[in-house]
Amino acid sequence: QVQLVESGGGLVQAGGSLRLSCAASGRTFSSLSMGWFRQTPGKEREFVALITWTGGRTYYGDSVKGRFTISRDNAKNTVYLQMNSLKPEDTAVYYCAAVVGYYSDYVRPARYRYWGQGTRVTVSS
C-alpha cells in the first residue's frame, strides 16, 4: 500500500508560479513512477506529467509543456511539480498518482493504483 499526500496548492495570479509536492510512504519510492493529474468540475481527470521510476524520463500533457516541470527526490520520497507562467485555465484540483514500474499508457488515470487526496490550485486573471 502507498499513501500519497499533496501540498503546495493555493491562489496565484496569472503569470505566477507554484510548486506542488507529493510525499509518498508505504512502499519503496524508487520503484514507483509518479504522475500528476488535474480535474475541474464536470470534466475528466487530465494527465499533466509523469516521471518514471528511474527518474530518467519525463512526459507532459500538451497544455503544460514548456511551463511545468516534474522532478523527484528519492531520498525524500517526494515528487514535485514546478508550475510556471500559470494561466487561469490551469485552475483545478491537482492529484498525485503512483504506479509500480512504467506503462506506455501513462496518460490514463486507470493505470495508476495509488492516488492522493488532491490540492487545489486557483489562478486568477
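The text that follows walks through the structure, step by step, so that each part is easy to find. (Residues numbered from 1 in each chain as written. Predicted model: local features only at pLDDT ≥ 70, side-chain atom pairs only at ≥ 80, totals over all residues. Heavy atoms only, no water.)

Each helix and strand counted, the protein has zero helices and eleven strands in total. The helix and strand sequence of the protein, counted from the amino end, reads β-β-β-β-β-β-β-β-β-β-β. For a compact globule of 125 residues, the expected C-alpha radius of gyration is about 14 Å, and the protein comes in at 13 Å, within 12% of that figure. The dimensions of the protein, computed from C-alpha atoms along their principal axes, are 40 × 25 × 25 Å. When burial is assessed residue by residue, the protein has 44% of its 125 residues classed as buried. (Helix = DSSP H or I, 4+ residues; strand = E, 2+ residues; numbered from the N terminus. Rg over C-alpha atoms; globule rule 2.2 N^0.38 Å. Buried < 20%, exposed > 50% of the residue type's maximum accessible area, 1.4 Å probe, protein only.)

So, about unusual backbone geometry. Phi at Asn77 takes a positive value of approximately 55°, unusual for a residue other than glycine. Locating Asn77 in the fold gives a position in the loop between strand 7 (68-73) and strand 8 (78-83). The backbone of Ser85 shows a phi angle near 50°, a positive value even though the residue is not glycine. Looking at where Ser85 falls in the secondary structure, it is placed in the loop between strand 8 and strand 9 (92-100).

Bringing the sheet that holds strand 1 (residues 3-7) into the picture now. Taken in spatial order, the four strands of this open sheet run 1-3-8-7, and their pairing is antiparallel. The outermost strands of the open sheet, each flanked by one partner alone, are strand 1 and strand 7. In this sheet, adjacent strand axes meet at a mean angle of 15° when their direction is disregarded. By the bridge criterion, five bridges tie strand 1 to strand 3 (residues 18-25) in an arrangement that is antiparallel. (Pairing = 2+ DSSP bridges. Axes fitted to C-alpha atoms, helices over the stretch in contact; angles between N-to-C directions.)

This part is about the pattern of salt bridges. The full count for this structure, using the stated rule, is six salt bridges. Between Arg38 and Asp90 there is a salt bridge, with its nearest N and O atoms 2.9 Å apart. Linking Arg38 in strand 4 (residues 32-39) with Asp90 in the loop between strand 8 and strand 9, this pair joins segments that are 52 residues apart in sequence. Comparing Arg38 with Asp90 shows no difference in burial state: the two are buried. Within this structure, Arg38, Glu46, Arg67 and Asp90 form a network of salt bridges that share partners. (Salt bridge = Lys/Arg side-chain N within 4 Å of Asp/Glu carboxyl O.)

Turning our attention to the environment of Thr54. Take Thr54: it is sitting in the loop between strand 5 (46-51) and strand 6 (58-60). Residue classification places Thr54 among the exposed positions, given a relative accessible area of 52%. The spatial distance from the C-alpha of Thr54 to the C-alpha of Val79 is 12 Å, given a sequence separation of 25 residues. One polar contact links the side chain of Thr54 to the main-chain amide nitrogen of Gly56, over a distance of 3.1 Å. (Polar contact = N/O pair within 3.5 Å; in protein donor to acceptor, adjacent residues only side chain to side chain.)

A separate point is the state of the cysteines. For the structure on display, the rule yields one disulfide. Residue Cys22 pairs covalently with Cys96 via a disulfide, S to S 2.1 Å. Measuring the twist about the S-S bond at about -80°, one finds the Cys22-Cys96 disulfide to be left-handed. One end of the pair, Cys22, is in strand 3; the other, Cys96, is in strand 9, and 74 residues separate them in sequence. (Disulfide = S-S within 2.5 Å.)

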